[in-house]
Amino acid sequence: MNVQEEGHVPGRFTSGPHNLGDPDDKSLRKVEIDVLIPKIMRDRARAEKCISEVADFEKCCKDSGVLMVVKCRRENNTLKGCLTKWYEDEAFKSECRKIYLEERTEFRRTGVSKKRREQQH
């Protein structure tokens, strides 16, 4: 039985102190570029950059009930515009990539995920 049949990923993703990959490796896989880093961007943009737009949209939805789709178009468009501005900002994208790589490095070094580290504190 070869390594892949056992469910292990061969190569650079099984190296490092916990067989989670080399902590110093800064290369990115497609899923990291297309999914994981954009998730950080989306979360940070909503929580840090578009705070008032998120609050306005949430308030409108709460006040409008089932008619929110119709009544909250303006707030939704304003929120989308704010989020899009940050998604297209290269400096912001670079910051989020750096955050992701730091979190991944720490995980590979310790074997403890960010979520578990936050639960322990």
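The following paragraphs examine the structure supplied in this document.

Cut-offs and rules
- Residues numbered from 1 in each chain as written.
- Predicted model: local features only at pLDDT ≥ 70, side-chain atom pairs only at ≥ 80, totals over all residues.
- Heavy atoms only, no water.
- Phe/Tyr/Trp six-rings, centres within 6.5 Å; stacked < 30°, edge-to-face > 60°.
- Buried < 20%, exposed > 50% of the residue type's maximum accessible area, 1.4 Å probe, protein only.
- Lys NZ or Arg CZ within 6 Å of the ring centre and 35° of its normal.
- Salt bridge = Lys/Arg side-chain N within 4 Å of Asp/Glu carboxyl O.
- Helix = DSSP H or I, 4+ residues; strand = E, 2+ residues; numbered from the N terminus.
- Core = buried A, V, L, I, M, F, W, Y, C linked by side-chain atoms within 4.5 Å.
- Contact = heavy atoms within 4.5 Å.
- Expected span 1.5 Å × (residues − 1).
- 1 Å grid on protein atoms, 1.4 Å probe; cavity = no way out; pocket = protein on both sides within 12 Å on 5 of 7 lines; lining within 4 Å.
- Points joined across faces, edges and corners; volume = space filled by probe spheres on them.
- Nonpolar A, V, L, I, M, F, W, Y, C, P; charged D, E, K, R; others polar.

### Some thoughts on the packing of aromatic side chains
One pass over the full model with this rule turns up one aromatic pair. On the basis of an interplanar angle of 65° and a centroid distance of 5.4 Å, the ring pair of Trp 86 and Phe 92 is categorised as edge-to-face. Exposure remark for Trp 86: the relative accessible area of 17% places this residue in the buried category. Here the basic side chain of Lys 49 rests over the ring of Trp 86, its NZ or CZ set 4.6 Å away from the ring centre.

### What to know about the pattern of salt bridges
Any two side chains of opposite charge can pair, given that their charged atoms come close. A complete count under the given rule lists 13 salt bridges for this structure. Asp 25 is the partner of Arg 108 in a salt bridge, and the nearest nitrogen-oxygen pair spans 3.8 Å. Placement of the pair is Arg 108 in helix H5 (residues 90-110) and Asp 25 in the segment before helix H1 (30-49), with a sequence separation of 83 residues. As far as burial versus exposure is concerned, Arg 108 and Asp 25 are alike and both buried. In this structure, Glu 48 engages Arg 44 in a salt bridge whose closest nitrogen and oxygen atoms are separated by 3.1 Å. Taken together, the residues Glu 48 and Arg 44, both in helix H1 and four residues apart, mark about one turn of the helix. On the accessibility criterion, Glu 48 (43% relative accessible area) is partly exposed. What makes Arg 44 buried here is its relative accessible area of 13%.

### Quick notes on the nonpolar core
It is characteristic of soluble globular proteins that their nonpolar side chains tend to be buried jointly. If you look at the biggest cluster of nonpolar residues, it comprises 15 residues, and the most contacted ones within it are Ile 37, Cys 50, Trp 86, Phe 92, Cys 96 and Tyr 100. For this core, the secondary structure elements donating two or more residues are H1, helix H4 (73-87) and H5. Sequence-distant contacts of Ile 37, that is, excluding residues within four places in its chain, are made with Leu 28, Glu 32, Cys 96, Arg 97 and Tyr 100.

### What to know about helix H2 (residues 51-64)
For H2, with 14 residues, the first-to-last C-alpha span of 20 Å sits near the 20 Å given by 1.5 Å per residue. Where the residues of H2 are buried, they touch H1, helix H3 (68-71) and H4. Immediately beyond the C-terminal end of H2, within one or two residues, lies Gly 65, with a positive phi of roughly 60°.

### Observations regarding the environment of Arg 97
Along the chain, Arg 97 falls in helix H5. The spacing of Arg 97 and Glu 32 is 65 residues in sequence and 9.2 Å in space, taken between C-alpha atoms. Among all residues touching Arg 97, those that are not within four sequence positions of it are Leu 28, Ile 33 and Ile 37.

### So, the layout of surface pockets
When its volume is computed, the largest pocket comes out at roughly 310 Å³. Every residue along the wall of the largest pocket is listed here: Leu 36, Lys 39, Ile 40, Asp 43, Arg 44, Ile 99, Tyr 100, Glu 103, Arg 104, Phe 107, Ser 113 and Lys 114. Taken together, the elements giving at least two residues each to the lining of the largest pocket come down to H1 and H5. Considering only residue class, the lining of the largest pocket consists of five nonpolar, one polar and six charged.

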